[in-house]
There are 2 protein chains.
Amino acid sequence: MVQIPKQAGQPPIESEEAQGPRPVPTSADVARLAGVSRATVSYVLNNTSSVRISEPTRHRVRAAAEELGYVPHAAARSLRAGHSRMVLMPASHVPVGPLFSHFQYELQWALRRLDYTVVQYGSVGMGGDEAARAWAELRPVAVFVPGTLEPGQVEVLKRAGAKAVVTLGSERVEGAHALLMDHREVGHCAGAHLVERGRRRIGVVVPEETGLQVFSEPRLAGVRAAAEPAGAQVVPLPLAYTEESAAELAARWRESGLDAVFAYNDEYAMLLMRALQDAGIAVPEETSVIGADDLLLGKLIRPRLSTVRLEMPSGQLLAELVDRVVRAPGAEPEVHDLLAASMVVRESS
Amino acid sequence: MVQIPKQAGQPPIESEEAQGPRPVPTSADVARLAGVSRATVSYVLNNTSSVRISEPTRHRVRAAAEELGYVPHAAARSLRAGHSRMVLMPASHVPVGPLFSHFQYELQWALRRLDYTVVQYGSVGMGGDEAARAWAELRPVAVFVPGTLEPGQVEVLKRAGAKAVVTLGSERVEGAHALLMDHREVGHCAGAHLVERGRRRIGVVVPEETGLQVFSEPRLAGVRAAAEPAGAQVVPLPLAYTEESAAELAARWRESGLDAVFAYNDEYAMLLMRALQDAGIAVPEETSVIGADDLLLGKLIRPRLSTVRLEMPSGQLLAELVDRVVRAPGAEPEVHDLLAASMVVRESS
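Keep in mind the model is a prediction, meaning the values are calculated, not measured.

**Examining the overall build of chain A**
No. 1: Assigned secondary structure in chain A consists of 15 helices and 14 strands.
No. 2: Scored against the burial criterion, the 349 residues of chain A give a buried share of 54%.
No. 3: Taking contacts inside chain A between residues at least 6 apart in sequence as the whole, the part at least 24 apart equals 69%.
No. 4: Within the structure as shown, chain A displays about 15000 Å² of accessible surface, and the carbon and sulfur contribution to it stands at 51%.

**With respect to helix H11 (residues 243-251) of chain A**
Residue and element names in this part refer to chain A.
No. 1: Listed in full, the buried residues belonging to H11 are Ser-245, Ala-246, Leu-249 and Ala-250. Burial along H11 is one-sided: seen end-on, the buried residues are contained in an arc of 135 degrees. Exposed and oriented more than 90 degrees from the buried face of H11 are Glu-244, Glu-248 and Ala-251.

**Here's the deal with the pairing of strand E9 (residues 233-239) of chain B**
Residues and elements named next belong to chain B.
No. 1: Relative to E9, strand E8 (residues 201-207) runs parallel, the two being bridged by seven bridges. Bridge pairing in E9 links Val-206 to Pro-238.
No. 2: After leaving E8, the chain enters helix H10 (residues 213-227) and then returns to the sheet as E9, a path that is right-handed.

**Section: the side chain of Arg-219 of chain B**
Residues and elements named next belong to chain B.
No. 1: The topology assignment puts Arg-219 in helix H10.
No. 2: The buried charged residue Arg-219 lacks any salt bridge partner; its closest oppositely charged side chain belongs to Asp-293, at an N-O distance of 4.6 Å.
No. 3: Dropping the residues within four chain positions of it, Arg-219 is found in contact with His-183, Val-186, Gly-187, Phe-262, Tyr-264, Asn-265, Ala-292 and Leu-310.

**Looking at the sheet that holds strand E6 (residues 164-169) of chain A**
No. 1: The strand order across the open sheet formed by twelve strands is E13(A)-E7(A)-E6(A)-E5(A)-E3(A)-E4(A)-E4(B)-E3(B)-E5(B)-E6(B)-E7(B)-E13(B), and the pairing between neighbours is mixed. Single-partner strands in this sheet number two, and they are strand E13 (335-337) of chain A together with strand E13 (335-337) of chain B. Looking at each pair of strands side by side, their axes are set apart by 20 degrees on average, direction ignored.
No. 2: Alignment of strand E6 (residues 164-169) of chain B against strand E7 (residues 177-180) of chain B, held across four bridges, turns out to be parallel. Note on E7 of chain B: the bridge partner recorded for Gly-169 of chain B is Leu-180 of chain B.

**A short note on the nonpolar core**
Side chains of nonpolar character tend, in soluble globular proteins, to be buried together.
No. 1: In terms of nonpolar packing, the biggest core is built from 57 residues, with Trp-253 of chain A together with Trp-253 of chain B touching the most fellow members.
No. 2: Elements represented by at least two residues in this core include exactly strand E9 (233-239), H11, helix H13 (266-278) and helix H14 (297-300) of chain A together with E9, helix H11 (243-251), helix H13 (266-278) and helix H14 (297-300) of chain B.
No. 3: Excluding residues within four positions of it along the chain, Trp-253 of chain A makes contact with Leu-237, Leu-258, Ala-260, Val-261, Leu-272, Leu-276, Ile-281 and Thr-287 of chain A.
No. 4: Listed in part, the 50 residues of the second largest apolar core include Val-118 of chain A together with Val-87, Val-166 and Leu-179 of chain B.

**Remarks on the packing of aromatic side chains**
Residues and elements named next belong to chain A.
No. 1: Tallied over the entire structure, the rule returns eight aromatic pairs over all chains.
No. 2: Pairing Phe-103 with Phe-144 gives two aromatic rings, centres 6.1 Å apart and planes at 65 degrees, and the pair type is edge-to-face. Here Phe-103, found in helix H6 (residues 98-113), pairs with Phe-144, found in strand E5 (residues 142-146); they are 41 residues apart in sequence, far enough to count as distant. Pair check on accessibility: Phe-103 and Phe-144 agree, each one buried.
No. 3: Every member of this aromatic cluster is reached through a ring pair, and the members are Phe-100, Phe-103 and Phe-144.

**Digging into the packing of helix H9 (residues 184-196) of chain A against helix H10 (residues 213-227) of chain A**
Residue and element names in this part refer to chain A.
No. 1: Where H9 meets H10, the closest approach of the two axes is 6 Å, and the angle between their N-to-C directions is 35 degrees. Seen along the crossing, H9 lies across H10 with a hand that is right-handed. From H9, Arg-184, Val-186, Gly-187, His-188, Gly-191, Ala-192 and Val-195 reach across to H10, where they touch Pro-218, Arg-219, Ala-221, Gly-222, Val-223, Ala-225, Ala-226 and Ala-227.
No. 2: Of the residues that constitute the contact of H9 with H10, the class distribution is nine nonpolar, four polar and two charged.

**Observations regarding the sheet that holds E9 of chain A**
Residue and element names in this part refer to chain A.
No. 1: Taken in spatial order, the six strands make up an open sheet running E9-E8-E10-E11-E12-E14, and their pairing is mixed. A strand with exactly one partner marks an edge of an open sheet, and here the two such strands are E9 and strand E14 (341-344). Put simply, the sheet's adjacent strands are angled 25 degrees from each other on average, direction ignored.
No. 2: Of the strands in this sheet, strand E8 (201-207), strand E10 (260-262), strand E11 (288-292), strand E12 (306-310) and E14 touch H9, which is tilted by about 35 degrees from E14.

**Comments concerning the pattern of salt bridges**
No. 1: In total, this model carries 28 salt bridges over all chains according to the counting rule given.
No. 2: In this structure, Glu-130 of chain B engages Arg-112 of chain A in a salt bridge whose closest nitrogen and oxygen atoms are separated by 3.5 Å. Note that Glu-130 of chain B is positioned in helix H7 (residues 128-137) and Arg-112 of chain A in helix H6, a pairing that runs across two chains.
No. 3: Using a relative accessible area of 17% as the deciding quantity, one classes Arg-112 of chain A as buried.
No. 4: As a salt-bridge pair, Arg-346 of chain A and Asp-294 of chain A come within 2.7 Å of each other at their nearest N and O atoms. With Arg-346 of chain A in the segment after E14 and Asp-294 of chain A in the loop between E11 and H14, this residue pair connects regions lying 52 residues apart in the sequence.

**What to know about the environment of Gly-257 of chain B**
No. 1: Topologically, Gly-257 of chain B is positioned in the loop between helix H12 (253-256) and strand E10 (260-262).
No. 2: C-alpha of Gly-257 of chain B to C-alpha of Arg-201 of chain B: the two residues are 56 residues apart in sequence and 7.1 Å apart in space.

**Focus: the environment of Pro-95 of chain B**
No. 1: Structurally, Pro-95 of chain B can be placed in the loop between strand E3 (86-90) and helix H6 (98-113).
No. 2: The spatial distance from the C-alpha of Pro-95 of chain B to the C-alpha of Gly-211 of chain B is 9.3 Å, given a sequence separation of 116 residues.
No. 3: Apart from the residues within four sequence positions on either side, Pro-95 of chain B is in contact with Ser-101, His-102 and Tyr-105 of chain A.

**Description of the packing of H6 of chain A against helix H15 (residues 315-327) of chain A**
Residue and element names in this part refer to chain A.
No. 1: Remark: H6 packs on H15, axes separated minimally by 8 Å, with the N-to-C direction vectors making an angle of 40 degrees. As judged from the angle between their axes, H6 and H15 are oblique. H15 is crossed by H6, and the crossing has right-handed handedness. In contact with Phe-103, Glu-106, Leu-107, Ala-110, Leu-111 and Arg-113 of H6, H15 contributes Gly-315, Gln-316, Leu-318, Ala-319 and Val-322.

**Quick notes on unusual backbone geometry**
No. 1: A cis amide bond links Arg-302 of chain A with the next residue in sequence, Pro-303 of chain A, at an omega value of -10 degrees.
No. 2: Backbone torsion omega between Val-283 of chain B and Pro-284 of chain B reads 5 degrees, so that peptide bond is classified as cis.
No. 3: Considering the arrangement of structural elements, one finds Pro-284 of chain B in the loop between H13 and strand E11 (288-292).
No. 4: Of note in this structure, Asp-293 of chain A is not a glycine but carries a positive phi near 115 degrees.

**Notes on the pairing of E6 of chain A**
All names here are of chain A.
No. 1: The buried count for E6 comes to six of six residues, which makes it a mostly enclosed element.
No. 2: Of the two faces of E6, both are covered, the one formed by Ala-164, Val-166 and Leu-168 as well as the one formed by Val-165, Thr-167 and Gly-169.
No. 3: As judged from the five bridges shared by E5 and E6, these two strands associate in the parallel manner. Along E6, the bridge assignment pairs Pro-146 with Leu-168.
No. 4: Taken together, E5, helix H8 (residues 151-159) and E6 constitute a β-α-β crossover, and its handedness is right-handed.

Conventions adopted
Residues numbered from 1 in each chain as written. Chains lettered and ligands numbered in written order. Predicted model: local features only at pLDDT ≥ 70, side-chain atom pairs only at ≥ 80, totals over all residues. Heavy atoms only, no water. Helix = DSSP H or I, 4+ residues; strand = E, 2+ residues; numbered from the N terminus. Buried < 20%, exposed > 50% of the residue type's maximum accessible area, 1.4 Å probe, protein only. Contact = heavy atoms within 4.5 Å. Areas by Shrake-Rupley, 256 points an atom, 1.4 Å probe, with all protein chains shown as cover. Arc of directions from axis to C-beta. Pairing = 2+ DSSP bridges. Right-handed = clockwise from strand over helix to strand, strands pointing away. Lys, Arg positive; Asp, Glu negative; His and termini not counted. Salt bridge = Lys/Arg side-chain N within 4 Å of Asp/Glu carboxyl O. Axes fitted to C-alpha atoms, helices over the stretch in contact; angles between N-to-C directions. Core = buried A, V, L, I, M, F, W, Y, C linked by side-chain atoms within 4.5 Å. Phe/Tyr/Trp six-rings, centres within 6.5 Å; stacked < 30°, edge-to-face > 60°. Left-handed = near helix turned anticlockwise from the far one by under 90°. Nonpolar A, V, L, I, M, F, W, Y, C, P; charged D, E, K, R; others polar. Parallel < 35°, antiparallel > 145°, perpendicular 65-115°, else oblique.

So this is what it looks like as C-alpha cells:
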C-alpha cells in the first residue's frame, strides 16, 4: 500500500543534514568529533543523572558541541526531561493597553524566577482547533489563555502533555483552571455611581475598534444591570478612537438628552470629554464622564477624570498557580475570583 | 567510560510514554491503531509528497490520529519540512508603549498573511549566549530582534538553521539584516526646534524607569548635537513616571533657569507639563514643552502638545523582508534606514 521511492529511503529526520550551503550541526557530528556515541552526547548535554559519564568525556562532548555550534532541540530535550519549562500564551489579537502590557511584563518576570519561560504565540487568523494544535506542537508544560477556550481545545493541549491550562476571562472552561474577571462588574460600578449622582440617561461608549467587544459588551450589560432597575435609561454609543468620531458624537449630544457617559476606558473618556468641552457641554454639570483603568493621565486633565479602577491579577499569583498545578497536575481545577472593581471619584462625575 | 544502568537502557525519547496518569499519544500509538508503520504515519501527517500513499490509508491514519488526540512535534515536523514557519522575536523586557504595541500587532498579521507565525520568547534574566541558545532550540526560520545582538548570537542562530536574523536598532550587527532606527534623530529634531524658538537652556527628561536607557540616551545625545553648537545648554533631568516626581522637578524649575524641555515622550511630557502649570510656570511663554510619539492624547490637552513624530517600520515591510530573506538566505545583509522623525508643532513650544 505504501510505495516508497528510492530517494525517500532515508529516515526523514536526516533531511536536516542535506540542506543549505552550511549544514546545521547534529548530535551525530558532535559524537564524531568527540569520539563518543550519540547516546553519550545526549546524556551529557541533557545532564542525565541516571547515567555515569566521566568528567573528561563530559568535557570533550561539551567542547565539541561548542566548537560546532550545536544546540539541542527544545522539543527533543523536553521529551527526555519529561516536560518543558515553557508556558505558552496566545499573543493578543488587539494592540494591548497599558494595564495588560504591565501585567504581561510582571508575569514574565514572575515565571522566570520559578525557572519557566513565557512564549507568546501569534495565533491570529487561526481557527480554534488549528490554534490549539499549533500550540500543542510546541509541547508547553502549561498554557495560559487571556480569554476563553472550547473544552475540545483544553483536551488537545492536555493530550499533548500540558499539565496546566489556565484561562483569564469571565467564565470557567471545563477542565481548565480559571482566573475569573467579570467585566460586568466594571460597568456595574460605573452605573451605580451615576445613578447615585442622580443621572437618568446614561450613555455607554462601545468602541468601534475590532476585538474589544469581549470587554465592551459585558461592561455595557453591567451598566444596564445597575441603572435600569433604578429607572435610568442606558444608551449604547458607538465611538471610534479619533477626534472626528468624538466631535460627531458631541455635536449630537444635546439632542440625545444624555446626562452621563461611561466611556469604556480612560483613553476614550479623555477623548470624549475634550470633544464635549469643545462643544460647550459643561463637565460634570451638564454631563458626567467616567472612564476605567485609573491611568495616571486621567489625573492630569481638568476636570480630573473619575474612573473605575480594576485590579489585574498579579503576575506573581498566576506564576504560583502555574507552578503549583504543574507539580500536582491531577488536582481539581482551581477557580480564583479576581476582578476587584472600585470607583475612584474625582471631578468629572 | 560510559556506564549505563539497566533502567536507562531504553532510548530516552521513549520516556514520554512512561509519564503521568494518561500517557501522551505517540506516533507509535497512531501506527498501531491504524495498522501501518510509524514511517507511514509520519508521511501522512506531514503531507510528504515524495511518498505515494493510498487515500484509504491516509484516511485511516488521520482518523487514528484524531481519535487518540495525537499532535506531531513542531520541531520534528520542521526537521522533515526542512525548516519551520516560525519567526521568533524576543519579548520586550519593558512594558511596551502604544506605538510598539501597534507595530507588533501589525507585524503579527502581516507575517500571518505570508503563512508565518510570530512567537515572542520571554528571555528576561538570560545572558546573551543563553538567550540565543534558548531561541535556537525552537528552530525558528527567522529571528527578529528589536534591539541589538552580539555577532556570536547571530552565529548561534544561523548554525541552528535560522535563515534570517533581522535587528531593529541604531546600529548594524555583523551578519544580520538591519532596520536602522537612530533615536538621536528624535532628539536632534526636538533640539533644533527649541533652538530655533530662541531657547537657550534646554532640559531633557531621562526616565528613571529601567530599560528605557536604550532610547533615552541617544535622544539626549541628539538634543546635545543640535543645541550645543548653537550655544544652548543641555541639562539631563531624571524623572520617574509619578506625579510626586514631576512635582519635585517643577518645584525646582525656576532656580534651574530652564526655558525649555524635551520630555522623552508624550506621556512624560503630559505629566511634566501639568506639574509645571500647577507650579505656576506658563507653558510655552516661560518654558517650552515637547514630547515624542504623537499620541492622540497630546492633542486633547491645553496647550496642545508639540511632539516629535516618528514612524515605526510597517509590519508589512518587515514581513516582506523576512520572507525575501528566507527564500534567498545567501544574499548580502540588507540595511534599511527607517526612522523618519519630524516635528509636529502645536501650542506648547
